[in-house]
Amino acid sequence: MMEKIKSILLFFLFGLSLLLTYQLWYGEIPAQLLEEDVSERLLVEEPRPLENVIMPKLIVSSVEGDPYVFKKGEIGYESLWEELSFSLQQISFYEAVEEAMPPADSKKILTYYLQPELPVGEGLPWLAEAAFYAELEMIELYTDNANKWLVLSEAGNNHKTNLLLSSEKAERFNELFDEALFENKSRYTRLTNEQITMLSGYDLELAGSIYVPQESLYMDEVILEPEDLDHDLILKTFFVDYNMARIIEEKDGGLIYTDGEKGLRLTEVGLEYSSPRKETGSATATYPEALFNSSSLISYHGGWPENLRLDELSLSGWGRTIHYNAEWCMYYAGFPILAKQPTKALFNDSGLIYYTRFIFTPDDVIMIGEGQKTAAMWYDALEKAVTLFKDQASESENVLHLEEMRLGYVVTNSSGHYRGEPVWRIKISGETFTLQADQLNLVDEEDLL
Amino acid sequence: MNLGRAKSILIIAFAGLNLFLGYYLFWPDFGRLTRVSVTAEDLRATEVLLNENNYFLQTSLDRSVQVSDFLIVTPARSFQGEILQDFIKKGARVTESEHATAYRAKEETAVVYSSGLIRVIYEPGVILAEDFPGLEERRLREIVETFLTEEQLMPEGIAFDYIEKSEAGYITLYYHQTYKEMPIYAGQLQVFIDSDQLTRIELYWLEPVERLPLREMEVISAAEALKNLVDQLGASPEPRDIKDIELGYFSGEYDAEKWEMPPVWRIMLNSNEYHYINAFTGNIEQETVIPEQIP
């Protein structure tokens, strides 16, 4: 009996040793270890191609009399821009430049103000056949009875290139100018130095082209929704291994994630990120590369929603820091939604240094109270801003510079709703004034989001 | 040899083999017990690197493989409350400013900052003993700790860290917090002595909420921490001694509800200069990266 038990035990132990050896040799890695080893694939938005990164700041149509202005989010803006962008992508450059100068009696019908500048030339979507590279700040469309010309103005110099459009392309532009394009649109005025100096009573100079409505505009007061970010996904886009990041829970409910090198703050309405050690890197990317990088960054870290426009891309720096500065703004019906903290990214060759993202979108334009507000006339708003500037200026300057003047929305939070309040935003010699669009009272920046 | 004896020998042999295989497969820490994080070769290479950069190792390194986790902490409000209650009993007058509240009693003032830091100022200073600066360190500590206990300023889990004496006659005693035998370097008590008078106490105390065993990970070795320190500080212009290297928890001071602290290797150079190396990432812990508004 004893021998029988020994035999069974020996047989069992032999079998067990084979099983354990097999498990040790060929055994599967436990699932939890496998998860750690394999980098997770993140489902994020694809970056926009270069053709869709840049859009004009303004498109001004002067087909009949005083100009009409088309801005991001307004009817007609997209089609006018797409037509020009498509023409520049398709145009045969060497054919077009022959006899390209518009005759003296031709008339300017469209002006595209490009900010950021549009890069054109070899290897780029626009004028790919051209043997030169240029960054364009303005494109004008001229016409006489028979032909149409594009006049391209380069940024930073007075160089202009003229392109004669084929009859087919000219006809496509003609088709855009139907009555519907100008329906319910207000006419604008392009400000001049003399005009603003005379009306404000101060010596004022324009720092760029500024268009203002000729008549009072009605603006909807809107309820805004902060962007609904997937916090888990956002976290993974910033931290390769977010197990290494520690969490700081702020008193206001915000969450900070930091691994000692970089920090990410997630709040109810947006995010802030910084990686200060990357500040000292260089920025060797070319302007078109930087445009694409900006698209990649915003698409990867939260996405690029419709009606969010790239407003600025510039190379700047302080101290030993050189970086590209990209800034985006959300638009509603042609008006910018001016969040207190912009959606902005600073990046260089080392990667993303700073990133803030605060995007508010109109929630179906719910009317509040009286619904619409009538914006005060531009000259009243300008006079108020100049008076405020003079009141707070420590030293009086002889000549003031009007850098920005536009209608838009600021974001406030009252009675549990985020609201878009219509305002005049005016910048004089570096000082920005935000005035209620109707009453022209100065808006306290502390009350804004 | 008969068959029965052969079977017995084989049973013992297979039982031993199965135990060995079972250990490797099912005992997660077994591997760790047989491993060292710093081999003799690593140690030699580290010392060579340190010496080439003018750093000299004057302490032994913990060579075992260690694991650690994040520790969630919150400012110790209850302990803070006890201290302030004591001031109110002494008839303290309370004045508030934006980031601090002051409790002014007759000869002492407690200032409480929103981050949780408490500063107790004695005016005039408290004379603790005759010839106080001349006392030996052990006696000096005894007197200070007796005073702290009497004043109810000696929290549980406190551990003496080090002492600094300046030529001008200033003495500072540093204490830090501990939690389950691990130092929490961010939780600190500092006692400031000017000549023979105790003039100020600064207390930043934390309340450990929980450890996160789900995020327990193997930490980098002490040798790797030293290499990272040299990488990040660069070569020293003058010879410097590495006096101590110890594992603990560390973070900055936050005006926050609660936060997680990572494990760090604290490296002490001569002249009481401390550096904290994150024991998970290997990065030097400087000012915590809190996203700020874009300049």
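Residues numbered from 1 in each chain as written. Chains lettered and ligands numbered in written order. Predicted model: local features only at pLDDT ≥ 70, side-chain atom pairs only at ≥ 80, totals over all residues. Heavy atoms only, no water.

S.K.: Quick question: what am I supposed to make of the overall build of chain A here?
M.R.: The helix and strand tally for chain A stands at nine helices and 25 strands. For chain A, the C-alpha radius of gyration of 29 Å lies well beyond 22 Å, the compact-globule estimate for 449 residues. The principal-axis extent of the C-alpha atoms belonging to chain A is close to 120 × 60 × 45 Å. Taking all 449 residues of chain A together, 50% fall into the buried category. (Helix = DSSP H or I, 4+ residues; strand = E, 2+ residues; numbered from the N terminus. Rg over C-alpha atoms; globule rule 2.2 N^0.38 Å. Buried < 20%, exposed > 50% of the residue type's maximum accessible area, 1.4 Å probe, protein only.)

S.K.: So what exactly am I meant to see when it comes to the pairing of strand β6 (residues 160–164) of chain A here?
M.R.: Side-chain positions along a regular strand alternate between the two faces of the sheet. Summarising the sheet, strand β5 (residues 148–154) of chain A and β6 of chain A pair through five bridges and their orientation is antiparallel. The residue of β6 of chain A that forms the bridge with Val151 of chain A is Asn162 of chain A. (Pairing = 2+ DSSP bridges.)

S.K.: Help me out: how do you make sense of the sheet that holds strand β1 (residues 58–61) of chain A in this one?
M.R.: Residue and element names in this part refer to chain A. Here we have six strands laid out as an open sheet, ordered β2-β1-β3-β4-β5-β6, and antiparallel in their pairing. Two strands in the sheet have a free side with no partner beyond their single neighbour: β2 (68–70) and β6. Along the sheet, successive strands turn relative to each other by an average axial angle of 20°, direction set aside. Sheet topology note: the β1/strand β3 (residues 107–121) ladder contains four bridges and is antiparallel. If you follow Leu58 over to β3, its bridge partner there is Tyr113. On the sheet, helix α3 (residues 77–90) packs against β1, β2, β3, β4 (133–143), β5 and β6 and is oriented at approximately 65° with respect to β3. Of the strands in this sheet, β3 and β4 touch helix α8 (residues 287–300), which is tilted by about 85° from β3. (Axes fitted to C-alpha atoms, helices over the stretch in contact; angles between N-to-C directions. Contact = heavy atoms within 4.5 Å.)

S.K.: Help me out: how do you make sense of the confidence of the model for chain A in this one?
M.R.: The predicted coordinates of low-pLDDT regions are not to be read in fine detail. Averaged over every residue, the pLDDT of chain A is 88; the share at 70 or more is 93%. Throughout residues 28–38 of chain A the model reports pLDDT below 50, and contacts reaching past four residues in sequence, or to other chains, amount to two contacts. (pLDDT = per-residue confidence, 0-100.)

S.K.: Would you mind going over the pairing of strand β11 (residues 222–226) of chain A with me for this structure?
M.R.: All names here are of chain A. β11 sits mainly inside the fold: four of its five residues count as buried. Bridge analysis of β11 against strand β24 (residues 417–428) gives three bridges, and the strand direction is antiparallel. Residue Val222 lies in a different strand from β24, and its bridge partner there is Gly420.

S.K.: Would you take a moment to explain the side chain of Thr258 of chain A for this structure?
M.R.: Residues and elements named next belong to chain A. Residue position: Thr258 is located in strand β13 (residues 255–258). Classification of Thr258 as buried rests on a relative accessible area of 0%. Among the polar contacts made by the side chain of Thr258, one reaches the main-chain carbonyl oxygen of Lys262 at a distance of 3.1 Å. (Polar contact = N/O pair within 3.5 Å; in protein donor to acceptor, adjacent residues only side chain to side chain.)

S.K.: Could you clarify how one ought to interpret the nonpolar core in this entry?
M.R.: Nonpolar side chains tend to gather and get buried jointly when the protein is soluble and globular. By size, the foremost hydrophobic cluster in this structure holds 114 residues, and its most contacted members are Met405 and Trp424 of chain A. Counting residues in each nonpolar core, the second largest holds 44 residues, with Leu71, Ala225, Leu269 and Phe280 of chain B among its members. (Core = buried A, V, L, I, M, F, W, Y, C linked by side-chain atoms within 4.5 Å.)

S.K.: Can you help me understand the interface of chain A and chain B in this one?
M.R.: Interfaces are often sized by the accessible area lost when the parts come together. With 43 residues of chain A at the interface, the matching set in chain B holds 44 residues. Carbon and sulfur atoms supply 63% of the area buried between chain A and chain B, which totals about 3800 Å² over both sides. Across the chain A-chain B interface, the total number found is three salt bridges. For Glu3 of chain A, the salt bridge identified is with Lys7 of chain B, shortest N-O distance 3.6 Å. (Buried area = accessible area lost by both parts, 1.4 Å probe. Salt bridge = Lys/Arg side-chain N within 4 Å of Asp/Glu carboxyl O.)

S.K.: Explanation requested: a nonpolar patch on the surface in the structure shown.
M.R.: Taken together, the side chains of Tyr22, Trp25 and Tyr26 of chain A make up a nonpolar region of the molecular surface, amounting to roughly 480 Å² of accessible area. Trp25 of chain A sits in the exposed class, given a relative accessible area of 67%. (Patch = residues over 30% accessible without salt bridge, like charges linked within 9 Å, V, L, I, M, F, W, Y side chains within 5 Å. Areas by Shrake-Rupley, 256 points an atom, 1.4 Å probe, with all protein chains shown as cover.)

S.K.: Looking at this structure, how should I read the packing of aromatic side chains?
M.R.: Each aromatic ring pair is summarised here by two numbers: the centre-to-centre distance and the angle between the ring planes. Applying the stated criterion across every chain yields a total of 23 aromatic pairs over all chains. For the ring pair Phe360 of chain A and Tyr418 of chain A, a centre distance of 5.8 Å and an interplane angle of 55° mean the geometry is tilted. Placement of the pair is Phe360 of chain A in strand β21 (residues 360–362) and Tyr418 of chain A in strand β24, with a sequence separation of 58 residues. You'll find Phe360 of chain A and Tyr418 of chain A in the same group, each marked buried. Ring centres of Tyr254 of chain B and Trp259 of chain B lie 5.2 Å apart, and the angle between their planes is 90°; this geometry places the pair in the edge-to-face category. When its relative accessible area of 6% is taken as the criterion, Tyr254 of chain B is described as buried. The rings of Tyr68, Phe70, Phe177 and Phe182 of chain A are connected pair by pair, giving a single aromatic cluster. A cation sits over an aromatic face here: Arg141 of chain B above Phe160 of chain B, 4.0 Å from the ring centre. Stacked on the ring of Phe192 of chain B, the Lys or Arg Arg200 of chain B has its end atom at 4.0 Å from the ring centre. (Phe/Tyr/Trp six-rings, centres within 6.5 Å; stacked < 30°, edge-to-face > 60°. Lys NZ or Arg CZ within 6 Å of the ring centre and 35° of its normal.)

S.K.: Hey, could you run me through the pattern of salt bridges in this one?
M.R.: Opposite charge on two side chains permits them to pair, given that their charged atoms come into close proximity. Residues and elements named next belong to chain A. A full pass over the atoms with the stated rule returns 32 salt bridges over all chains. For the salt bridge of Arg419 with Glu221, the shortest nitrogen-to-oxygen distance reads 2.5 Å. Of this pair, Arg419 sits in strand β24 while Glu221 sits in the loop between β10 (218–220) and β11; the two residues are 198 residues apart in sequence, bridging distant segments of the chain. With respect to class, Arg419 is no different from Glu221; both count as buried. Across the salt bridge formed by Asp259 and Lys262, the nearest N and O atoms sit 3.2 Å from each other.

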